[in-house]
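Secondary and tertiary structure notes
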Amino acid sequence: MADAAATREPRRSLGRPGGDRPGRGRSEVGRSVVGRSVVGRSGVGRPGVVWALPGALFFVFFAVAPMVLVGALAFTDWDGIGTPSWTGMSNWSRLWDDPETHQAIWLSLVLTVLTWVFQTPLALLLGVWAAGRQRNRAVLSAIFFLPLLGSSVALALVWKSLLDPNFGLIADIGPALGFADGDLLGSSKGAFGAILFVTAWQFIPLHTLIYQGGARAIPRSLYDAAAIDGAGTVRQFFSITLPQLRNTIVTSSVIMVVGALTFFDTVLILTKGGPGTDTTIVPYLMYKNGFQAFDLGYASAVATILVVVATTVSLLLVRLTGFAAMRSTREGM
């Protein structure tokens with residue numbers, strides 16, 4: 001009997017890889033077999049390349065192809081009706097020497113920096129607060145996120161009416177803000193500040209939602225351990241919340257920077273690039289040359305510069321912040 005038991009024992013361990021570990025028997029082998037039968041040749045459970053084909057085709061036709069076409073039009077002279085005529089580097093020479101283009105690039109960079117400086121702290125604090133368990137938090141968060149439901153054009157029209165110096169709200173509060181006649185959009189700083197405020201009012205809820213999700217993913221055990229060590233709320237925020245939200249901050253910043261560089265509709269509705277050209281940012285300059293002056297060749301050159309700058313800034317953010325090598329902040333927990 002002892003010999004029979006000895007001969008049966010190795011057979012039992014053959015069905016259990018690592019036979020000295022409990023809980024890894026036939027069920028685990030069955031799962032691996034099922035996994036191979038479901039995914040076909042992929043032994044790690046990853047979908048095949050065919051699954052990515054629809055998304056790849058969509059990206060090629062609606063992103064890559066238009067960018068290539070715009071890049072080609074940047075070397076032509078075209079009014080949108082006839083056949084484009086090849087002009088070589090003339091559009092690029094004009095872009096290099098055009099002071100309005102230089103001003104538009106500068107204004108776009110200033111708007112991008114101020115957008116990040118103004119929106120990031122507010123969205124971060126509101127997102128951390130919304131992730132808590134305060135009383136009436138859910139109701140207040142729902143009300144706060146309402147601007148996300150409206151289109152940018154509709155919201156810009158509402159703010160255009162509110163900022164009208166004749167019958168808008170600004171006619172009453174304008175003197176308190178330093179505009180005696182209430183013509184906020186008639187001054188350079190006032191118009192630029194209005195664009196900055198309206199975009200922040202509309203898009204801070206989006207970034208708040210991003211930070212709320214990141215804050216809720218932070219393990220509660222970290223805060224409990226810090227409270228036992230005597231750390232207060234402020235100390236916990238700077239020592240736990242901010243480091244844990246590092247990757248979230250980078251994600252939000254990339255979205256915010258690219259959005260600020262390509263923002264257009266609010267400028268079109270509120271100021272139309274004015275007064276003068278004081279709020280003519282690069283996207284509006286592209287629109288003005290392409291659809292008002294019908295100089296689509298030069299507008300394509302401006303659009304190409306915009307794509308290159310936005311892509312470069314995004315890649316620099318990802319590279320310099322270490323986001324490309326991101327690992328889970330909960331690793332090992």
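Our subject is the structure listed above.
The paragraphs below set out a description of the structure included in this document. Keep in mind that this is a model prediction, so the values were computed, not measured.

1. A closer look at the overall build of the protein
Assigned secondary structure in the protein consists of 15 helices and two strands. Counting only residues that meet the buried cut, the protein has 33% of its 333 residues in that class. Put simply, 66% of the contacts in the protein that link residues at least 6 apart link residues at least 24 apart. Surface accessibility of the protein: about 20500 Å² in total, with carbon and sulfur atoms responsible for 68%.

2. Some thoughts on a nonpolar patch on the surface
A surface patch of nonpolar side chains, about 1100 Å² in accessible area, is lined by L53, L57, F58, F59, V60, F61, F62, V64, M67, V68 and V307. The element contributing the most residues to the nonpolar patch is helix α3 (residues 53–73), with 10 residues. When you line up the elements, F61 lands in helix α3. Owing to a relative accessible area of 56%, F61 belongs among the exposed residues under this scheme.

3. A look at helix α7 (residues 152–162)
Note on helix geometry: an α-helix contains 3.6 residues per turn, so any two residues three or four positions apart are oriented the same way. Within α7 the residues assigned to the buried category are S152, L155, A156 and W159. Looking straight down α7, one finds that the buried residues subtend no more than 100 degrees of arc, so they occupy a single side. Buried residues along α7 sit in contact with α9 (188–216) and α13 (265–270).

4. Structural notes on empty space enclosed by the protein
With the rule as written, the count across this model stands at one cavity of 30 Å³ or more. One number sums up the size of the largest cavity: a volume of about 70 Å³. As for the largest cavity, its lining consists of I105, S108, L109, L261, V282, I305, L306 and V309. Here the lining of the largest cavity is built from residues that sort into seven nonpolar, one polar and no charged.

5. Topic: the pattern of salt bridges
Within the structure shown, the criterion is met by three salt bridges. The partner of E100 in a salt bridge is K288, and the shortest N-O contact between them spans 2.3 Å. Separated by 188 residues along the polypeptide, E100 in helix α5 (residues 99–130) and K288 in helix α14 (residues 282–292) bring together distant segments of the chain. A relative accessible area of 23% means that E100 is categorised as partly exposed.

6. With respect to the layout of surface pockets
Considering only enclosed or pocket space, the largest pocket measures out at about 590 Å³ in volume. Residue lining of the largest pocket: 20 residues in total, with V128, A131, G132, R220 and Y223 positioned closest to the centre. Those elements giving two or more residues to the lining of the largest pocket turn out to be α5, α9, α10 (220–228) and α11 (233–244). With six residues, the top contributor of residues to the lining of the largest pocket is α11. Classifying every residue of the lining of the largest pocket by side-chain character gives 11 nonpolar, five polar and four charged. Space inside the second largest pocket adds up to approximately 380 Å³.

7. Let's talk about the packing of aromatic side chains
Within the structure shown, the criterion is met by 12 aromatic pairs. Ring plane angle 40 degrees and centroid distance 5.8 Å describe the contact between Y284 and Y287, whose orientation is recorded as tilted. Within this pair, Y284 and its partner Y287 are both found in helix α14, separated by three residues, close to a single helical turn. Members of the aromatic cluster, connected to one another through ring pairs, are F264, Y284, Y287 and F291. Lying over the aromatic face of Y298, R94 brings its terminal NZ or CZ to 3.7 Å of the ring centre.

8. Structural notes on the packing of α5 against helix α12 (residues 246–261)
Between α5 and α12, whose axes approach to 9 Å, the crossing angle comes to 145 degrees. As for the relative orientation of α5 and α12, their crossing is right-handed in sense. Between α5 and α12, the contacting residues are S108, L111, T112, T115, W116, Q119 and T120 on the first element and S253, M256, V257, A260 and L261 on the second. For the contact of α5 with α12, a count of residues per class yields six nonpolar, six polar and no charged.

9. Topic: the packing of α5 against helix α6 (residues 137–144)
Where α5 meets α6, the axes come as close as 10 Å, and the angle between the chain directions of the two elements is 145 degrees. Residues L126, W129 and A130 of α5 form the contact with α6, whose participating residues are R137, L140, S141 and F144. For the contact of α5 with α6, the class distribution of residues is five nonpolar, one polar and one charged.

10. Notes on the environment of V313
For V313, the location among the structural elements is in helix α15 (residues 296–320). In this structure, the C-alpha to C-alpha distance between V313 and V254, residues 59 residues apart in sequence, is 8.4 Å.

11. Considering the nonpolar core
In this structure, L111, L163, L184, L270 and I281 are the most contacted members of the largest nonpolar core, which totals 17 residues. Listed by contribution, the elements that provide at least two residues to this core are α5, α9 and α13. Sequence-distant contacts of L111, defined by excluding residues within four places in its chain, comprise F192, I195, L196, A260 and I281. One finds A123, F237, I240 and L245 within the second-largest nonpolar core, a separate group that totals 12 residues.

12. Comments concerning the environment of L315
Examined against the element boundaries, L315 turns out to sit in helix α15. Looking at L315, the relative accessible area reads 57%, which means it is exposed. Each C-alpha atom, one on L315 and one on V254, is 8.9 Å from the other, the two residues being 61 residues apart in sequence.

Scoring rules and cut-offs
Numbers given to residues run from 1 along each chain, matching the order in which its sequence is written. Note on the predicted model: pLDDT of at least 70 is required for a residue's local features to be given, and 80 or more for side-chain atom pairs to be given and counted; whole-chain, interface and lining totals, by contrast, use all residues. Side-chain numbers here rest on the full set of heavy atoms in the structure, without hydrogens or water. Per the convention used, a helix needs a DSSP run of H or I reaching at least four residues, while a strand needs a run of E reaching at least two, with both numbered from the N terminus. For every residue, the accessible area obtained with a 1.4 Å probe (protein chains only) is divided by the maximum for its type, and the residue is called buried under 20%, exposed over 50%, and partly exposed between those limits. Whether two residues touch is decided by their heavy atoms; if any such pair falls within 4.5 Å, the residues are in contact. We get accessible surface area from the Shrake-Rupley algorithm with a probe of 1.4 Å; when it comes to residues, only the shown protein chains can shield them. Each patch is built from salt-bridge-free residues with over 30% relative accessible area, joining like charges within 9 Å and nonpolar side chains (Val, Leu, Ile, Met, Phe, Trp, Tyr) within 5 Å. For salt bridges, the criterion is a side-chain nitrogen of Lys or Arg within 4 Å of an Asp or Glu carboxyl oxygen. Summarising the geometry, the arc corresponds to the directions from the helix axis toward the C-beta atoms. Think of a 1 Å grid over just the protein atoms. A cavity is a set of points where a 1.4 Å probe fits yet cannot get out, a pocket is an open set with protein on both sides within 12 Å along at least five of seven lines, and lining residues have an atom within 4 Å of a point. Grid points are joined across faces, edges and corners, and a volume is the space filled by probe spheres set on the points. Residue type decides the class: Asp, Glu, Lys and Arg count as charged, Ala, Val, Leu, Ile, Met, Phe, Trp, Tyr, Cys and Pro as nonpolar, and the leftover types, Gly among them, as polar. Ring pairs shown here join Phe, Tyr and Trp side chains whose ring centres sit within 6.5 Å, with only the six-membered ring taken for Trp; geometry is labelled stacked below 30 degrees between planes, edge-to-face above 60, and tilted in between. Lysine NZ or arginine CZ positioned within 6 Å of the ring centre and within 35 degrees of the ring normal marks a charge as sitting over the ring. Fitting a line to C-alpha atoms yields each axis, with helices limited to the stretch in contact; the angle taken between N-to-C directions then spans 0 to 180 degrees. Helix crossings are classified by the rotation of the near helix relative to the far one: an anticlockwise turn of less than a right angle makes the crossing left-handed, while a clockwise turn makes it right-handed. We call a set of buried Ala, Val, Leu, Ile, Met, Phe, Trp, Tyr and Cys residues a nonpolar core when their side-chain atoms join them within 4.5 Å.

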